[in-house]
Amino acid sequence: MAQEPEEDYIIGVRDVWKTYRMGDVEVHALKGVTLDVIRGEYLSIMGPSGSGKTTLFNMIGALDRPTKGEVGVNGINMASLSQSQIAYHRCHNIGYIFQSFNLIPVMTALDNVALPMVFSGMKKSEYEKKAAYKLTLVGLGDRLHHKPFELSGGQQQRVAIARAMANDPDLILADEPTGNLDLNTGQEIIELLKKLQQESGVTVVTNTHDHKMLVASDRVVDLRDGYVERVRRRDEIDIQEGRIEGIGGTEV
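Calculation rules
Starting afresh in each chain, residues are numbered from 1 along the sequence in its written order. Since the coordinates come from a predicted model, pLDDT governs what is reported: local features require at least 70, and pairs of side-chain atoms require 80 or more to be given and counted, while whole-chain, interface and lining totals use all residues. The basis for every side-chain value is the complete set of non-hydrogen atoms in the structure, without hydrogens or water. Only strands joined by at least two bridges in the DSSP assignment are considered to pair. Secondary structure counts use DSSP, requiring at least four H or I residues in a row for a helix and at least two E residues in a row for a strand, with both numbered from the N terminus. The axes are straight lines fitted to the C-alpha atoms, using for helices just the contacting stretch, and the angles between their N-to-C directions are given from 0 to 180°. We call two residues in contact when some of their heavy atoms are within 4.5 Å. The span you would expect from a helix comes to 1.5 Å times its residue count less one. Here's how the labels work: a residue is buried when its accessible area is under 20% of the maximum for its type, exposed when over 50%, partly exposed in between, all with a 1.4 Å probe on protein chains only. We define a polar contact as two N or O atoms separated by no more than 3.5 Å, with the added condition that, inside protein, one atom must be a possible hydrogen donor and the other a possible acceptor, whereas residues neighbouring each other in sequence contribute only through side-chain atom pairs. When the centres of two rings from Phe, Tyr and Trp lie within 6.5 Å, Trp using its six-membered ring, the rings pair. Their planes under 30 degrees apart give stacked, over 60 give edge-to-face, and anything left gives tilted. What makes a salt bridge here is a side-chain nitrogen of Lys or Arg within 4 Å of a carboxyl oxygen of Asp or Glu, nothing more. To be clear, the arc concerns the directions from the helix axis to the C-beta atoms. Should an angle lie under 35 degrees it is considered roughly parallel, over 145 roughly antiparallel, and from 65 to 115 roughly perpendicular; all remaining angles are considered oblique. Handedness of a crossing follows from how the near helix is turned relative to the far one, being left-handed for an anticlockwise turn of less than a right angle and right-handed for a clockwise one. Each residue receives one of three labels: charged for Asp, Glu, Lys and Arg, nonpolar for Ala, Val, Leu, Ile, Met, Phe, Trp, Tyr, Cys and Pro, and polar for the others, Gly being one of them.

Peer 1: Would you take a moment to explain the sheet that holds strand β8 (residues 203-207) for this structure?
Peer 2: Consider a sheet: its strands pair through backbone hydrogen bonds, and that pairing is either parallel or antiparallel. Spatial strand order, β6-β7-β8-β3-β9-β10: six strands in an open sheet with mixed pairing. For this open sheet the edge positions go to β6 (94-97) and β10 (227-233), each flanked by a neighbour on one side alone. Neighbour to neighbour, the strand axes of the sheet diverge by 15° on average, direction disregarded. Where strand β3 (residues 42-46) and β8 come together, four bridges link them in parallel fashion. Across the sheet, Tyr42 pairs through a bridge with Val204, a residue of β8. Across the face of the sheet, helix α2 (residues 83-93) comes into contact with β6 and β7 (171-175) while running at roughly 75° to β6. Helix α5 (residues 153-164) contacts β6 and β7 of the sheet and is inclined by roughly 170° relative to β6.

Below, the structure is given as structure tokens:
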């Protein structure tokens, strides 16, 4: 009898603790989190404020280091890397999308998207062409030379997505990507992220409060009080109009 092929994991989190000291008090943001992320999946990390989801997100992105435990990306323990190695890893292997877009206001959409390519050492003739192509992919081929203040919130987030894809990363980390957008624009951004994940095979990990993200997610990680409360596949979540069963009847 043929065996099922083993999953290919891009991220491995092993018994990760993160403790912050506030005066004489220790605050445990993460309490022994263990999690595997499958290469090519769309994973959403959800939980109430104070659940530890931002801390876990920062561990995966090597923006912070665990107090105890190990975070591996592509089989490499992030804690074993020097700061210069981490910077190289972020530039070439991870694309970041932020709630506040984090675009440079004096630069055009084209220049914002090209910036990670500049840092990676790409020639100008190459990065200008590639940046234009990435913006076309997200529907902004006619906005190459617009600056952020000339773009809507949804368009700015599309620029941010194109920038995250600039160096063809293995992993995209999206921190509340719909947090500053209205309902319809947020839905468009979710659909765009899902499309890019399906077409390019990139792994997408989102840190989100947005329950619309559940429809796009292959799996959802529910955090509470620094623990992984449960991990659910998309087919285990009963999404009904206006309500999401399994999250206490949360209104969408």
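Peer 1: Which parts of the structure should I look at to understand helix α6 (residues 183-200)?
Peer 2: One turn of the α-helix equals 3.6 residues, which is why residues spaced by three or four share an orientation. Compared with an ideal rise of 1.5 Å per residue, which puts 18 residues at 26 Å, α6 spans 26 Å between its outermost C-alpha atoms and is within 8% of the ideal. Those residues of α6 that sit buried are Thr185, Gly186, Ile189, Ile190, Leu192, Leu193, Lys194, Leu196 and Gln197. Taken together, the buried residues of α6 touch β3, β6, α4 (124-137), α5, β8 and α7 (213-216). Two or three places before Asn184, at the opening of α6, Asp182 has a side-chain oxygen 3.1 Å from that residue's backbone nitrogen. Within two residues after α6, Gly201 carries a phi angle of roughly 80°, on the positive side.

Peer 1: Whenever I open this one, the packing of aromatic side chains confuses me. Can you help?
Peer 2: Two measures describe an aromatic ring pair: the distance that separates the ring centres and the angle between the ring planes. The full count for this structure, using the stated rule, is one aromatic pair. Both rings, one in Tyr96 and one in Phe98, keep their centres 6.1 Å apart while their planes meet at 10°; by these two values the pair is stacked.

Peer 1: In this structure, what is going on with the pattern of salt bridges? I would like to understand it.
Peer 2: Pairing between side chains becomes possible if they bear opposite charge and their charged atoms approach one another. Under the counting rule described, the total for this entry stands at 17 salt bridges. Here Lys18 and Asp64 are joined by a salt bridge, their closest N and O atoms 3.3 Å apart. With Lys18 in strand β1 (residues 9-22) and Asp64 in the loop between α1 (53-60) and β4 (68-73), this pair connects stretches of sequence that are 46 residues apart.

Peer 1: Just to check I follow, could you spell out α4 for this structure?
Peer 2: When the terminal C-alpha atoms of α4 are compared, their 20 Å separation across 14 residues agrees well with the 20 Å that a helix rising 1.5 Å per residue should span. Listed as buried for α4 are Tyr127, Ala131, Ala132, Lys134 and Leu135. The buried side chains of α4 occupy one side of the element, clustering within an arc of 160° when seen end-on. Turned more than 90 degrees from where α4 packs its buried face, Ser125, Lys129 and Tyr133 sit exposed. Packed against the buried residues of α4 are α3 (109-119) and α5. One or two steps after α4, the chain reaches Gly139, where phi turns positive at roughly 85°.

Peer 1: I would appreciate a short explanation of the packing of α5 against α6 in the present structure.
Peer 2: Relative to each other, α5 and α6 sit at 20°, their axes nearing to 10 Å. Considering the angle they form, α5 stands roughly parallel to α6. In this structure, α5 crosses over α6, and the sense of that crossing is right-handed. Side by side, α5 and α6 meet where Gly154, Gln157, Arg158 and Ile161 of the first sit next to Thr185, Glu188, Ile189, Leu192, Leu193 and Leu196 of the second. Here the contact of α5 with α6 is built from residues that sort into five nonpolar, three polar and two charged.

Peer 1: Can you help me understand unusual backbone geometry in this one?
Peer 2: In this structure, Asp15 is a non-glycine residue whose phi angle is positive, near 45°. With a phi close to 55°, Asn74 is a non-glycine residue in the positive phi region. Inspection of the secondary structure puts Asn74 in the loop between β4 and β5 (76-77).

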